[in-house]
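So you can see what is in the structure, the chains are spelled out below.
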Amino acid sequence: MKRILIAIIVILVGILVFRSCTENKKEQSILQESSMLIQEQISNVSKLIVTEGHFAEVYNYKDSQELFGPLITADKKALVVVNADVTIAYDLSQVKFEIDEENKTLKINSIPEPEIKINPDFEYYDVTADYLNPFNAADYNTIKRNVNAALMKKIDASTLKSNAQNRLLSELSKFYVLTNSLNWKLVYQDAPVDQNFLQGVFVD
């Protein structure tokens, strides 16, 4: 009788151990599948979020060189009309993240800085220069440099950057929706992410 009870107990223990191992393997398989899905979705997300804008700038350029003191100068000047297309982009391939399968957590450690590209079209009007102070390559480079600086001020004062951040938010929200659907947590710089957090942090 004792042998039969021992045999039954051994069989039950074996069944429990087998089921436990099987369930652990299933859980591990699910975690790995979820991890692979998250990585795949991150790699498939748009690598560039582009916001475009158009700016116009009228720039007066003038340069004077003294020849024989301040009374006699050689002058040159130009009226420059600039139409510029501006793009602001985030390269999402540069998002740094890590996946913690054990704790079912996707950690976004950092997001890239926006890339601002200015493509200006210069039209020169009323270009005049004295023989002793002609226009040269340095003048055109100075004009481009000054115009780009003026355009950057306009960009900073516009809504272009905030529009780009909103586009970034819409892409990062996909991470939140994905992790939520898999019962995972999304963490950004060690802080749990929810809808309110997204609205408060990424649109800053």
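Structure: see above.
Residues numbered from 1 in each chain as written. Predicted model: local features only at pLDDT ≥ 70, side-chain atom pairs only at ≥ 80, totals over all residues. Heavy atoms only, no water.

Caption draft 1: Seen up close, the overall build of the protein chain. When helices and strands are tallied, the protein chain shows four helices and seven strands. Here the protein chain, with 204 residues, has 29% of them falling under the buried criterion. Residue pairs in contact within the protein chain that sit at least 24 positions apart in sequence constitute 75% of those at least 6 positions apart. (Helix = DSSP H or I, 4+ residues; strand = E, 2+ residues; numbered from the N terminus. Buried < 20%, exposed > 50% of the residue type's maximum accessible area, 1.4 Å probe, protein only. Contact = heavy atoms within 4.5 Å.)

Caption draft 2: The nonpolar core, seen in detail. Core analysis: the largest hydrophobic core is formed by 33 residues, its most contacted members being Val80, Ile108, Ile143, Val147, Ile155 and Leu186. Every element with two or more residues in this core is listed here: strand S1 (48-66), strand S2 (73-91), strand S4 (105-110), strand S5 (115-129), helix H2 (137-157), helix H3 (160-181) and strand S6 (185-188). Not counting the four nearest positions on each side in its chain, Leu186 is found in contact with Leu106, Ile108, Phe175, Tyr176, Thr179, Ala191, Pro192 and Val193. (Core = buried A, V, L, I, M, F, W, Y, C linked by side-chain atoms within 4.5 Å.)

Caption draft 3: Spatial organisation of unusual backbone geometry. Phi is positive for Asp126, close to 50 degrees, though the residue is something other than glycine. Within the element layout of this structure, Asp126 appears in strand S5.

Caption draft 4: Molecular detail of the packing of aromatic side chains. For the coordinates displayed, the defined rule picks out five aromatic pairs. On the basis of an interplanar angle of 35 degrees and a centroid distance of 6.5 Å, the ring pair of Tyr59 and Tyr61 is categorised as tilted. Look at Tyr59 and you get buried, because its relative accessible area is 17%. Given the relative accessible area of 8%, Tyr61 is considered buried. Ring-pair connections join several aromatic residues into one group, and the members of that group are Tyr59, Tyr61, Phe122, Tyr124, Phe135 and Tyr140. Directly above the ring of Phe135 sits Lys76, whose terminal nitrogen or CZ lies 5.8 Å from the centroid. (Phe/Tyr/Trp six-rings, centres within 6.5 Å; stacked < 30°, edge-to-face > 60°. Lys NZ or Arg CZ within 6 Å of the ring centre and 35° of its normal.)

Caption draft 5: How the structure looks around H2. With 21 residues, H2 extends 31 Å from end C-alpha to end C-alpha; this agrees with the ideal 30 Å at 1.5 Å per step. Two or three places before Ala138, at the start of H2, stands the capping residue Asn136, its side-chain oxygen 3.0 Å from that residue's backbone nitrogen. (Expected span 1.5 Å × (residues − 1). Polar contact = N/O pair within 3.5 Å; in protein donor to acceptor, adjacent residues only side chain to side chain.)

Caption draft 6: Here's a closer look at the pattern of salt bridges. According to the stated counting rule, one finds three salt bridges in the structure shown. The salt bridge involving Asp139 is made with Lys76; its shortest N-O contact spans 2.5 Å. On the criterion of sequence distance, the pair formed by Asp139 in helix H2 and Lys76 in strand S2 is long-range, its members being 63 residues apart. For the residue pair Asp139 and Lys76, the accessibility class agrees, reading buried in each case. Two residues, Lys161 and Asp156, come together in a salt bridge whose shortest N-O distance is 2.8 Å. Accessibility expressed as a relative area gives 46% for Asp156, which makes it partly exposed. (Salt bridge = Lys/Arg side-chain N within 4 Å of Asp/Glu carboxyl O.)

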